[in-house]
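# Geometric and topological summary
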Amino acid sequence: MPSNILESLIFKHICRLGVFCFLMAITAIPASCAFAQSLGFNEKAPVDLKSDRLEYDEKGQIVTATGNVELLQEGQKLTADRVNYNLATDTVRATGNVILTQTNGDIYYADDVELQDRMKDGFVTELYALLQDGSRFTAAQGDREAGVRLTMKDASYTPCEPCENNPDAPPLWQLVAGEVHHDKEDARISYRDARFELAGVPIAYTPYFAHPDGSVKRKSGFLTPSLQFDSQLGTGYQQDYYYVISPEEDITVGALVTTDVAPVISGEYRRRFENAHIRIDGSATYSDRKDETDGQTVSVDEEARGHIEGEAQWDINQNWRAGANLQAASDDQYMRQYDVTNDDVLENEVYAERFDDRHYAVIRAMAFQDVRVSSNQVEQPAVLPEVKARFTGAPNETLGGRWHLDASALTLFREGDDQDVARTTLEGGWQRRFIHSSGLVSRADMIVRGDAYQVYDRDVDSTTAATDDREGSSVRGFAQANFETSYPLVNNFTGGQAMLEPIASVTVGTNVNDDADIPNEDSQDVYLTSLKLFETNRFPGYDRIEDRSRATYGLRAAYQTHEGYGGEVFFGQSHRFEDNNTGFPEGSGLSEQESDYVGHVKLNAGKYLDATYRFQLEDENMSSRRHEVDLASTVGPVTLSGKYFYANAISGSQIADESREQVLGGTRIKLSDNWEVFGTARYDLGENEGLRQAVYGVDYLGQCITLSVIGSRTLTSESTGDSGTEVFFRIGLKNLGEFETSSFTIGGDDGDDIIDDDAEDDIVQSETSP
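For every chain, the first residue of its written sequence is number 1, and the numbers climb from 1 along that sequence. In keeping with the predicted nature of the model, local features appear solely for residues at pLDDT of at least 70, side-chain atom pairs appear and are counted solely at 80 or more, and the whole-chain, interface and lining totals rest on all residues. The basis for every side-chain value is the complete set of heavy atoms in the structure, and neither hydrogens nor water enter the calculation.

## A short note on the overall build of the chain
In terms of helices and strands, the chain carries two helices and 42 strands. By sequence separation, contacts in the chain at least 24 residues apart represent 44% of the contacts at least 6 residues apart. Helix and strand definitions follow DSSP, with helices as H or I runs of at least four residues and strands as E runs of at least two, each counted in order from the N terminus. For this analysis, residues touch if any pair of their heavy atoms sits within 4.5 Å.

In structure tokens, the structure reads:
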């Protein structure tokens, strides 16, 4: 048959099916072509074909390419010893050393591949795939049906690389199944007679399991179960079921069944709208618990217990957003006992926000539940409501600076005869930064502020007011100006840069007189650091104001090398021009005319040493009131970290009766390329000296598997639900995910050797995460 007729016939019948598409076949049989779309090729893109021989059997309507057959398209490559296409039966068959290399690096090997019915049906034998991430899977035979169902027999998968010394040895781990079914319509992959092998030894077997194929984001089904071992709950099994209600909505329900207590039923509901989303989850059970009464741990009979959490957010338009957050528990211990959360206070909030250029406003109502199990537990007031708005001008817009206007209103409500407060605040201010040609860097701040208070059921015992009236109103006005300047002196050296910077500020404010009639709700947590020294109002919150006039001064020195190493030292103090206490509590460092000295020393030597020392020294005798040390160092295979914290008692605060002193240390040692050990410990050095917590463990970090065993011992009151020794097991399998036990609690504590549960709240913690 003439070559042009052969070309026309092949082009008509083959290109239409997307199997071959000859680009050149005028006088020579070897030519370019297109291969099956089902083998990964794009039927519309040009394909180059190379082969030793190309034949067409007109009678049998069979096109045959033999001898080093090679097809190239857009970076994809297929090679085989022989490729046949039967026009009559619409069947393509590639045999002999079939290799398909895709652009992402995946390589597929097979002995025999056959596809038919527009590539919808077919089979493959002795399939071996090497994926670009090093993963491998094999199958003795694969069958494809209707283009949507694929069955592989005697299949295996492993992401583990072969052993260099013995490539034929079994991989570290692999999944093996008698049959693997992939249904694209159902978007599910199922396994029959599946087993998990470790170094060739089967250690787990299941007759059937299934999971989504990844083509859909969500799929209904049972989630991975978990085991739990706990001295209070017993041995437990957690199983959840996930159900897709609609593309925008789903629900998860489950149960924790344990040997020692009643089952826990849990659930979560989620829904997403076009401009909003909502999530609600909770749990419920019926069990007994521990409680603390008059400092003694007592048992409480079985009762209904549970929790509920939720969140919702609605993007109303470009400027407005609204939302809500929900947290509630049946009792103080539940959240920690069932590992829901370790929060001390549960927050509930409904809010609406507005964003407009540089301006911001929010209105919200809030309620709190204090779940601390200690004598420090207090009734938390409800916020009904709080309104805040801040308006900010453009830079350099007003007198070369920027203006701002803040407005707020707050109502605190407590049940019964406890104190209720309503507060309104309005503040206007202006700020400008100056850089003088001499090198002086300065900043000017001015504010004018007014507050109005209304108090109901006043807590007379907690105020210094001269009246016993339980109701009253107060109004105060305040104006303040602050000017801060610094003179950084910089000298460049061959190896780095040194800087010496004196800093000073003068703050002048009006006298607000005696504000004892104003309750102190949000200005109680007072402490002094080098970062807070130059603030214009060193009281937190609104209820207390640092008025009148003072000077603040300090000196900063720093040196930094071109490699990034260096250090910094700062030392400073403030002086009030009037000899009066503006309301700062004793021990805060601000109650005297001369403030305490504060400062810090920082040293950075890269990974070898990163150290910070922060201190607060009494102004008369330089005795220590507060100091902190943070250290981190890595030398060879050893990483060390540590933190030491000391704070003296501060009148009117949670540490009013005694000082706090704790030390935290951690280390991680890399024993080899794969093995690491680690540990951390927190120890209380205060009046109730003793170990607070210890965490220790070992990690194996392999190419395709990670293993961890982590032990944790916590010493606290049994009534909190935290006390005990736990062991966690974690297994990470490459590309399959991570599996771990919830906890394995070896034992609890009787509370005899514990310290105050709330002491931990008063230290800034730095953890070494396992």
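After presenting the structure, the write-up continues.
## Focus on the environment of Ala361
Looking at the element boundaries, Ala361 is found in strand S22 (residues 359–370). Residue Ala361 is classed as partly exposed on the basis of its relative accessible area of 23%. Spatially, the C-alpha atoms of Ala361 and Ala389 are 4.0 Å apart, while their sequence positions differ by 28 residues. Ignoring any residue separated from it by four or fewer positions in sequence, one finds Ala361 in contact with Ala352, Glu353, Arg354, Lys388 and Ala389. The buried label applies to any residue whose accessible area, calculated with a 1.4 Å probe on protein chains only, is under 20% of its type's maximum; exposed applies above 50%, and partly exposed to all values in between.

## Comments concerning the side chain of Gln239
Looking at the element boundaries, Gln239 is found in strand S15 (residues 234–246). In the analysis that follows, any N or O atom pair within 3.5 Å is treated as a polar contact, provided that within protein one partner can donate a hydrogen and the other can accept it, and provided that, for residues neighboring in sequence, both atoms belong to side chains. Here the side chain of Gln239 touches Leu223 through a polar contact of 2.9 Å, landing on its backbone oxygen. One polar contact links Gln239 to Tyr237, side chain to side chain, over a distance of 2.7 Å. If we ignore the near neighbours within four places in the chain, the residues touching Gln239 are Phe222, Leu223, Pro225, Val253, Gly254 and Ala255.

## Regarding the pattern of salt bridges
One side-chain nitrogen of Lys or Arg within 4 Å of one carboxyl oxygen of Asp or Glu is enough to make a salt bridge. Scanning the model with the defined rule gives 44 salt bridges in all. Across the pair Arg336 and Asp344 runs a salt bridge, and its minimum N-O distance is 4.0 Å. Residues Asp451 and Arg449 are paired through a salt bridge, measuring 3.1 Å at the closest nitrogen-oxygen approach. Residue classification places Asp451 among the buried positions, given a relative accessible area of 3%. According to the relative accessible area criterion, Arg449 is buried, its value standing at 9%. Beyond isolated ion pairs, a larger network of salt bridges with shared partners links Arg614, Arg626, Glu628, Asp630 and Lys643.

## A short note on the packing of aromatic side chains
Stacked, edge-to-face and tilted labels apply to pairs of Phe, Tyr and Trp rings (six-membered ring for Trp) whose centres lie within 6.5 Å, assigned for plane angles under 30 degrees, over 60, and everything in between, in that order. Counted by the stated rule, this structure contains 13 aromatic pairs. Between Trp173 and Phe196 the ring centres are 5.6 Å apart and the planes differ by 25°, which places this aromatic pair in the stacked class. Placement of the pair is Trp173 in strand S10 (residues 173–183) and Phe196 in strand S11 (residues 188–198), with a sequence separation of 23 residues. The same class applies to Trp173 as to Phe196, namely buried. Here Phe571 and Tyr597 contribute two aromatic rings whose centre-to-centre distance is 5.1 Å and whose plane-to-plane angle is 20°, an arrangement assigned as stacked. Taken together, the residues Phe571 in strand S31 (residues 566–576) and Tyr597 in strand S32 (residues 597–604) connect sequence positions 26 residues apart. Put simply, the rings of Phe571, Tyr597, Tyr613 and Phe615 touch in pairs and so form one group of aromatic residues. Only when the NZ of Lys or the CZ of Arg is both within 6 Å of the ring centre and within 35 degrees of the ring normal is a charge said to sit over the ring. When the ring centre of Tyr527 is taken as origin, the NZ or CZ atom of Lys532, which lies over that ring, is 5.4 Å away.

## Some points on the pairing of strand S16 (residues 249–258)
Note on pairing: two strands pair once DSSP finds at least 2 bridges between them. Strand direction decides the pairing type here: S15 and S16, joined by ten bridges, are antiparallel. For Ser246, the partnering residue across the bridge sits in S16 and is Glu249. From the end of S15 to the start of S16, which pair antiparallel, there are two residues. Bridging between S16 and strand S17 (residues 264–272) involves eight bridges; their strand directions are antiparallel. Bridged to Ile251 within S17 is Tyr269. The turn linking S16 back onto S17 is made up of five residues.

## Remarks on the environment of Pro162
Looking at the secondary structure, you find Pro162 in the loop between strand S9 (149–158) and S10. By relative accessible area, Pro162 is classed as partly exposed at 39%. When the C-alpha atoms of Pro162 and Leu172 are compared, they prove to be 8.6 Å apart, with ten residues separating the residues in sequence. Ignoring anything within four residues of it in the chain, the contact list for Pro162 reads Arg136 and Pro167.

## Observations concerning a nonpolar patch on the surface
Residues forming no salt bridge and having over 30% relative accessible area are the ones grouped into patches, like charges within 9 Å of each other and nonpolar side chains (Val, Leu, Ile, Met, Phe, Trp, Tyr) within 5 Å. Here the open area of atoms and residues is found with the Shrake-Rupley method and a 1.4 Å probe, where only the protein chains shown may cover a residue. Where nonpolar side chains cluster on the molecular surface, the patch consists of Leu440, Tyr487, Leu489, Leu500 and Leu555 and spans about 390 Å² of accessible area. Relative to the assigned elements, Leu489 resides in strand S28 (residues 489–492).

## What to know about the state of the cysteines
In what follows, a disulfide is any cysteine sulfur pair within 2.5 Å. Enumeration according to the criterion identifies one disulfide in this entry. Each disulfide pairs two cysteine sulfurs, and for Cys160 the partner residue is Cys704, the sulfurs being separated by 1.9 Å. Taking the sign of the S-S torsion, 90° for the link of Cys160 and Cys704, the bridge is right-handed. Of the two residues, Cys160 is situated in the loop between S9 and S10 and Cys704 in the loop between strand S38 (690–701) and strand S39 (705–714); the sequence distance between them amounts to 544 residues. Taken as a pair, Cys160 and Cys704 share a single burial class, namely buried.

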